[in-house]
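The lines below spell out each chain.
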Amino acid sequence: GEDVEQSLFLSVREGDSSVINCTYTDSSSTYLYWYKQEPGAGLQLLTYIFSNMDMKQDQRLTVLLNKKDKHLSLRIADTQTGDSAIYFCAESEGNTDKLIFGTGTRLQVFP
Amino acid sequence: DTAVSQTPKYLVTQMGNDKSIKCEQNLGHDTMYWYKQDSKKFLKIMFSYNNKELIINETVPNRFSPKSPDKAHLNLHINSLELGDSAVYFCASSPRIEMPPRWGKLFFGSGTQLSVL
């Protein structure tokens, strides 16, 4: 079955860049997604990338995709305390509406 | 107005009881989902409905029964609750999009924390 792996924790200082990594297994996924979950809330879609792209930038967010290695990363520039949350990467199974979420990375930003 | 709303937010109950969680979306979306998030934050899909029709039914005990009276509502009924059912249950919806990506843009409710004692 599909497996989406992430490191569990990341701690950064305010103002630094954060890089959250993800590895996935389903090479047929056309799109890959990043979601953010703040404490006590549901997930919110942050951004997504088409599998034919290597990079996508959206303000402070940069998504990098290495399709050969099935590796996805999310870089947050100038990380703020409000960025503290759990970040999930996700792929759609066989291009269906079934999303397979990663294990989540808890990002902690300290002053 | 909240786009995807779930009730109740917290549910504490005894083992063996039957309980329901309600979900409503006012976004006009065609597809609704139930996800389960365990204590380690691992998120797994349980069910998906498209326009009141069951599309995805993962390996979930048949004590869990989703019901969709119309495409704006997807309720989850759980019979004979067990300790292992304790988790946060999220309802979500997604639009039918003809332009890519056709899937993956989920809108989540704020979750129902179920504690079975």
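About the cut-offs
- Residues numbered from 1 in each chain as written.
- Chains lettered and ligands numbered in written order.
- Predicted model: local features only at pLDDT ≥ 70, side-chain atom pairs only at ≥ 80, totals over all residues.
- Heavy atoms only, no water.
- Pairing = 2+ DSSP bridges.
- Helix = DSSP H or I, 4+ residues; strand = E, 2+ residues; numbered from the N terminus.
- Axes fitted to C-alpha atoms, helices over the stretch in contact; angles between N-to-C directions.

Q: Would you mind showing me how to read the sheet that holds strand β8 (residues 73-78) of chain B here?
A: Strands pair in a sheet through their backbones, by hydrogen bonds, and they do so in one of two ways: parallel or antiparallel. Residue and element names in this part refer to chain B. Strands sit in the order β1-β3-β8-β7 across an open sheet of four strands; the sheet is antiparallel. Edge strands, defined here as strands with exactly one partner in the open sheet, are β1 (4-7) and β7 (64-70). Strand-to-strand, the axes of this sheet are offset by a mean angle of 20°, without reference to chain direction. Inspection of the sheet shows strand β3 (residues 19-25) paired to β8 by four bridges, in the antiparallel sense. Residue isoleucine 21 lies in a different strand from β8, and its bridge partner there is leucine 76.

Q: Before we go on, may I ask you to explain the sheet that holds strand β1 (residues 5-6) of chain A in this structure?
A: Residue and element names in this part refer to chain A. Ordered by their spatial adjacency, five strands build an open sheet running β1-β3-β8-β7-β6, and the pairing between neighbours is antiparallel. Whereas interior strands pair on both sides, the edge strands pair on one side only; in this sheet they are β1 and β6 (55-58). Pairing between strand β7 (residues 61-66) and strand β8 (residues 71-76): six bridges, direction antiparallel. From the neighbouring strand, asparagine 66 faces β8, where its bridge partner is histidine 71.

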